[in-house]
Amino acid sequence: QGSGDLKRAKIAGIAKELFFLRGYAGTSMSQIAVQVGGSKGTLYNYFHSKEDLLLAVIKAIACAPNLPDPQNFPEFRSYLERLARATVERLTSPDIISMHRLAAAEALHCPDIGRIFQDEIWGHGHGEIAKVFKVAMNEGVLRQGDPAEAVEVFFELCSGSLARRMIWNLRGPPTAAEVEKEAR
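Residues numbered from 1 in each chain as written. Predicted model: local features only at pLDDT ≥ 70, side-chain atom pairs only at ≥ 80, totals over all residues. Heavy atoms only, no water.

Caption draft 1: The arrangement of the layout of surface pockets in detail. Put simply, the largest pocket is a space of about 520 Å³. Along the wall of the largest pocket there are 20 residues; nearest its centre are L80, F133, L142, F154 and L157. Sorting the residues of the lining of the largest pocket by element identifies helix 5 (76-91), helix 8 (126-138), helix 9 (147-167) and helix 10 (176-183) as the ones contributing at least two each. Of all the elements, helix 9 adds the most residues to the lining of the largest pocket, at 6 residues. Here the lining of the largest pocket is built from residues that sort into 11 nonpolar, 2 polar and 7 charged. (1 Å grid on protein atoms, 1.4 Å probe; cavity = no way out; pocket = protein on both sides within 12 Å on 5 of 7 lines; lining within 4 Å. Points joined across faces, edges and corners; volume = space filled by probe spheres on them. Helix = DSSP H or I, 4+ residues; strand = E, 2+ residues; numbered from the N terminus. Nonpolar A, V, L, I, M, F, W, Y, C, P; charged D, E, K, R; others polar.)

Below you can see the structure in the form of structure tokens.
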């Protein structure tokens, strides 16, 4: 990574903390610049707009899905169990929980946040998983249907009560045993 990439990552990290603390609408580029130790002009050298900065924050969070490789599992069921664990772990991670809160709080004022969140966080990896589900359907392991829809239902089931309670601030992060239980 060059110094420009490091500066961009530093700005995005500071913006993430401010967005999570104050909300997207409640955070100005001036506030971010103060925390970065530069000017708004510096920010605009790295990001064209506040939305561009938000997109960088979301993409940084989305780029670490940790999805299991189906080739490493002899049976579809074992793949599905590992995928469920990885999904529950991801959906209950502090950054994803904070992004849920941010997207819900800001979606009425900034509709693009909901779209960006859906595309970059919620939909990340769905295409690849749909291909695996399609193979399972063709082999008779899963009931025939739309693989993309099956993936959507799978992720909705994995999002379950642990993530919802965390989003609503009713509980802290789950234990490994709770993740395992939710995944099964």
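Caption draft 2: Here's a closer look at helix 1 (residues 3-22). Between the first and last C-alpha of helix 1 there are 28 Å, a value that for 20 residues agrees with the 28 Å anticipated at 1.5 Å per step. Among all positions of helix 1, only I11, A12, I14, A15, K16, L18 and F19 are buried. Looking at the packing, one finds that the buried side of helix 1 touches helix 2 (29-36), helix 3 (40-46), helix 4 (50-62) and helix 6 (94-106). Just beyond helix 1, the residue with positive phi is G23, at close to 90 degrees. (Expected span 1.5 Å × (residues − 1). Buried < 20%, exposed > 50% of the residue type's maximum accessible area, 1.4 Å probe, protein only. Contact = heavy atoms within 4.5 Å.)

Caption draft 3: Layout of helix 4. Compared with an ideal rise of 1.5 Å per residue, which puts 13 residues at 18 Å, helix 4 spans 18 Å between its outermost C-alpha atoms and is within 8% of the ideal. Turning to helix 4, its buried residues are K50, L53, L54, A56, V57, I58, I61 and A62.

Caption draft 4: Broad picture of the pattern of salt bridges. Throughout the structure, instances matching the rule amount to 8 salt bridges. For E17, the salt bridge goes to K16, with nearest N and O atoms at 3.9 Å. Note on E17: relative accessible area 48%, which makes it partly exposed. Using a relative accessible area of 18% as the deciding quantity, one classes K16 as buried. A salt bridge links E81 to R77; the shortest N-O distance between them is 3.1 Å. With a gap of 4 residues between them, E81 and R77 both fall in helix 5, about one helical turn apart. Via salt bridges that share partners, R77, E81, R85, E180 and R184 belong to a single interconnected network. (Salt bridge = Lys/Arg side-chain N within 4 Å of Asp/Glu carboxyl O.)

Caption draft 5: Representation of the packing of aromatic side chains in the model. Under the counting rule described, the total for this entry stands at 6 aromatic pairs. With a centroid separation of 5.8 Å and an interplanar angle of 85 degrees, the aromatic rings of F154 and F155 are classed as edge-to-face. F155 matches F154 in its accessibility class, with the two residues each being buried. Three or more aromatic residues joined by ring pairs make a cluster, and in this case those are F73, F76, Y79, F133, F154 and F155. In this structure, K50 packs its charged tip against the face of Y24, placed 4.4 Å from the ring centre. (Phe/Tyr/Trp six-rings, centres within 6.5 Å; stacked < 30°, edge-to-face > 60°. Lys NZ or Arg CZ within 6 Å of the ring centre and 35° of its normal.)

Caption draft 6: How the structure looks around unusual backbone geometry. At N169, a residue that is not glycine, the phi angle is positive and equals roughly 65 degrees. Relative to the helices and strands, N169 resides in the loop between helix 9 and helix 10. When its relative accessible area of 61% is taken as the criterion, N169 is described as exposed.

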